[in-house]
Structure formats: C-alpha cells, structure tokens
Amino acid sequence: MNQFQLSRARDLSDAIHAGALAHTAQQGAEVRFLAGGTTLLDLMKLDVEKPMRVVDISRLPLDKIEATKDGGVSIGATARNADLANHPLIKDSYAVLSEAVLAGASAQLRNMATTAGNLLQRTRCVYFRDTASPCNKREPGSGCSAMQGFNRTQAILGTSDSCIASNPSDMNVALAALEATIHFEGTRGKRAVPIDEFYLLPGDTPECETLLEAGDLITHVSVPAPMEGARSLYLKLRDRASYEFALASAGVIVAVKDGRITHARVGLGGVATKPWRSREAEKELMNASPDEATFKRAADAALADAKPQTENGFKIELARRCILHALKQVTTHAS
Ligand SMILES: Cc1cc2nc3c(=O)[nH]c(=O)nc-3n(C[C@H](O)[C@H](O)[C@H](O)COP(=O)(O)OP(=O)(O)OC[C@H]3O[C@@H](n4cnc5c(N)ncnc54)[C@H](O)[C@@H]3O)c2cc1C
Ligand code: SF4
C-alpha cells in the first residue's frame, strides 16, 4: 500500500475544498473520500487505488433520510446501508430499495457501507483487482484480460471492445427502477443528474464510470414520490443464497388497473456494465395485460441486445427467467 495523507473533513465546505485539491498541480495526485471504507480500503491494499490524500467524510451530517415536500425521499450520502434498508419510509414506500440493499453483502458490511460508497463501488472483475493482469479500466490501453479469460460473471449488456465488467451493486438497480437523481457538489458548483445519465457505458474509456469529476462530493440521492397503486420486488439470483454478488437480478415496479399495466419500471443487475434500466421491457409491459405472454415478451426485449462472452452465455436465459419470475410475483393478485 502506498503512503497517503489522511484528514477528516470538518464540514461540507471543508470536504469540497479538500476535493478541489485534486485539481491543483502542486498536489497533483488523486484525492479520495473515505465513507464506510469497505471498497476503498480493499482497493488501496491491493494497490488498485493509490490516492495521495484520503479525506474522511463519514462524520459529516449527510446521513439523513427524510421525506421531501414533493412526496419523495432524500437519502443522505453517508446514510448507512443498514439504516436505509430498515428506515420505515423506505420499507413502506420503496420496498424494492429496501429489498435490494438487504440482498447485498452481509449485515456487518451494511452497517458500515454508505449510500454514496455503494453508488461508487467498483467492479468485482478479478483482473481489475490483480495488478499483474492487463486491465483497461485500471490501466487504460493495457488490454482486457477478461475477454479471453474468466468471464463467467461479466456483463452481457452495455459492453464494449475495451471492457465487459459488470456493475456489482444491488442498491443501484433499485435506484435505476425508481428513477433516482444523484446530487453532487464540487468546483463547478452543485449538480443533480438522473441515475441513468450518471453512469457511463465503458466505450473506449472504461476508466470513466460516472459523470463525477475529480474531487466531486456526492451529497444525497433523491427519489420521486412512489407511483400510486404500484407494487415492487427485487429478485437476485446468485451462486449461493447469501453474501454473494448477483449473476442476474431484477428490480421491478408495476401498477395494474382494470386488467392493464399502467406503470412499469424494470431495472437489471449482474448482467450490465452499469445499473441497467430496460426501457425495451417497459415498452412491452405498458398497457398490456399482466399475463405470462406479456412478461415473456418483456424479458425477451430486455435481452435482445445481449452479447455473451465465452463463459457467460447462460446469463441470457438466467436474466430472462429472473425478469419473468419477478413480474409474475409482483402482479399476483394485482387488480
Ligand atoms: C465481501 C463483500 C461483499 C459484498 N457484497 C455485495 C453485494 O452482494 N451487493 C452489493 O451491492 N455490494 C456488495 N458489496 C459492496 C458494498 O456494498 C460496498 O463496498 C459499499 O457499499 C461501499 O460503501 P462504503 O461507504 O464502504 O464506500 P467506500 O469504500 O468508503 O467508498 C467507495 C468509493 O466511493 C467514494 N465515495 C464515498 N463516498 C463518497 C461521496 N460522498 N462522494 C464522492 N465519492 C465518495 C470513495 O472515495 C470510494 O472511491 C460487498 C463488499 C464486500 C467487501
Ligand atoms: S472486463 Fe474491464 S475491468 Fe475486467 S479486465 Fe477487462 S477492462 Fe479490466
């Protein structure tokens, strides 16, 4: 592990000022914010992340989870995953988010991990974490070891010739289906970006994963008011029942009225390079009858552009079944 300077931000402006040092030539090197540390510290020990300055933001008062005037909810950047999942407002009105967070990691990790840290967790691609292997994401231009190597867990949607790494987060899938907005602050002032635009596809620059610029601090995430009458579900399929990342997951939100689907949102995890919202599936669902034929069409549409690698072709059928099962479950007994 490289040497680094550790400081604790006194308040928000102190943290933003520290982040701004990422832009100064004298400091030169990267600045990283430390929240729960469950991703950052692992990557620093592996020499994948080598910041010169680490700024502890875990004690900033950014941990509130509160209802907003427009009927939605605001989730602070440093709110712990456990507090988020168990918050009455989230459990009652955003069950898909609570279920997704509880499906991730372990109880101990969820007690440490934060909202912003979860949004920015890095891929679990084994080559990304192994500094002896070429990896375009870690070292741009060095090549992608996964293409011809171990790629069973990699993505089948949103991939490029440079990188096929899947986004590992469960929480992000629910936030994509809930159409959340990410709020951040930095030298360019305050910005708010819909989650769909916040994450970037790998393209030729897989090292750029989000719209954040060096030193930007995520302050909170806002989620719009829940759709009246909608029901939701997060379904995660993985190699073992707990403490494992998704091979395929689906976060679905569906409302049915008079035998027709009036609202449909479909998020996918484990299969894509970023938290995936399937507008193709949603299109098949809208105004259709909530039956197996509709759900199959939606699942097929979601996977129509899937591009399998040598070892992960099974994910296409797995993801299809995941979507189908989630939609069936969420619409059972719906009017
Ligand atoms: C063994 C293990 C199993 C796991 N299993 C799962 C799983 O099944 N599903 C799942 O979804 N996740 C899983 N995780 C990942 C876990 O959810 C993340 O490690 C956690 O959410 C990261 O949050 P943190 O607060 O600890 O982030 P940190 O490690 O503190 O930070 C992560 C990154 O975010 C940056 N950051 C943090 N806060 C901010 C901010 N406010 N503004 C800007 N940048 C910020 C940091 O600089 C760093 O780059 C697992 C992790 C481990 C170690
Ligand atoms: S898939 Fe992406 S993260 Fe994995 S080795 Fe290839 S470039 Fe690196």
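Refer to the structure presented above.
Presented here is an overview of the structure given in this document. (Residues numbered from 1 in each chain as written. Chains lettered and ligands numbered in written order. Predicted model: local features only at pLDDT ≥ 70, side-chain atom pairs only at ≥ 80, totals over all residues.)

## Details of the overall build of the protein
Next, step 1: Along the protein, the regular secondary structure elements total 12 helices and 12 strands.
Next, step 2: Referenced to the eigenvectors of the C-alpha coordinate spread, the extents of the protein come out at roughly 65 × 50 × 35 Å.
Next, step 3: Within the protein, the proportion of its 335 residues that are buried is 46%.
Next, step 4: In the protein, 64% of the contacts between residues at least 6 apart in sequence involve partners at least 24 apart. (Helix = DSSP H or I, 4+ residues; strand = E, 2+ residues; numbered from the N terminus. Buried ≥ 20, exposed ≤ 12 C-beta atoms within 10 Å, placed from the backbone. Contact = placed C-beta atoms within 7 Å.)

## Side note on the site of ligand 1
Next, step 1: Neighbouring ligand 1 are 30 residues, the closest being Gly-36, Gly-104, Ala-116, Gly-117 and Asn-118.
Next, step 2: Breaking the shell around ligand 1 down by element, the ones donating at least two residues are β2 (31–34), α6 (107–112), α7 (115–119) and β8 (217–223).
Next, step 3: Partitioned by chemical class, the residues of the shell around ligand 1 number 17 nonpolar, 11 polar and 2 charged. (Near = placed C-beta within 6 Å. Nonpolar A, V, L, I, M, F, W, Y, C, P; charged D, E, K, R; others polar.)

## A look at helix α1 (residues 12–20)
Next, step 1: Of the residues making up α1, those classed as buried are Ala-15, Ile-16, Ala-18 and Gly-19. For α1, the angular spread of the buried residues around the axis is 160°, confining them to a single face.
Next, step 2: In this fold, the buried residues of α1 make contact with β1 (5–8), β2, β3 (53–56), β6 (181–186) and β8. (Arc of directions from axis to C-beta.)

## Concerning the sheet that holds strand β9 (residues 231–237)
Next, step 1: One open sheet holds the 4 strands; their spatial order is β9-β10-β11-β12, and the pairing between them is antiparallel. Edge positions in the sheet fall to β9 and β12 (276–277), since each has one partner strand and no second.
Next, step 2: Where strand β11 (residues 260–269) meets β12, 2 bridges bridge the pair, whose relative direction is antiparallel. Each bridged residue has a counterpart across the sheet, and for Leu-268 the counterpart in β12 is Trp-276.
Next, step 3: Across the sheet, helix α5 (residues 95–102) lies against β9 and β10 (248–257), angled at about 15° from β9, the strand it touches most.
Next, step 4: Strand contacts of helix α12 (residues 314–331): β9, β10 and β11, with the helix running at about 35° to β10, the strand carrying the most contacts. (Pairing = 2+ DSSP bridges. Axes fitted to C-alpha atoms, helices over the stretch in contact; angles between N-to-C directions.)

## As for the pairing of β11
Next, step 1: The element β11 is largely enclosed, with a buried count of 7 among its 10 residues.
Next, step 2: Where β10 and β11 come together, 9 bridges link them in antiparallel fashion. Note that in β11 the partner of Ile-253 across the bridge is Arg-265.
Next, step 3: Connecting β10 to the next strand, β11, in antiparallel fashion are 2 residues, including Asp-258 with a positive phi near 50°.
Next, step 4: As consecutive antiparallel partners, β11 and β12 are separated by 6 residues, and within that stretch Gly-270 has a phi angle of approximately 80°, a positive value.

## Overview of helix α11 (residues 292–303)
Next, step 1: The first and last C-alpha atoms of α11 sit 17 Å apart over 12 residues, in line with the 16 Å expected at 1.5 Å per residue.
Next, step 2: Of all the residues in α11, the buried ones are Phe-295, Ala-298, Ala-299, Ala-302 and Leu-303. Buried positions in α11, seen along its axis, are confined to an arc of 125° and lie on one side of it.
Next, step 3: Buried residues in α11 make contact with β11, α10 (279–285) and α12. (Expected span 1.5 Å × (residues − 1).)

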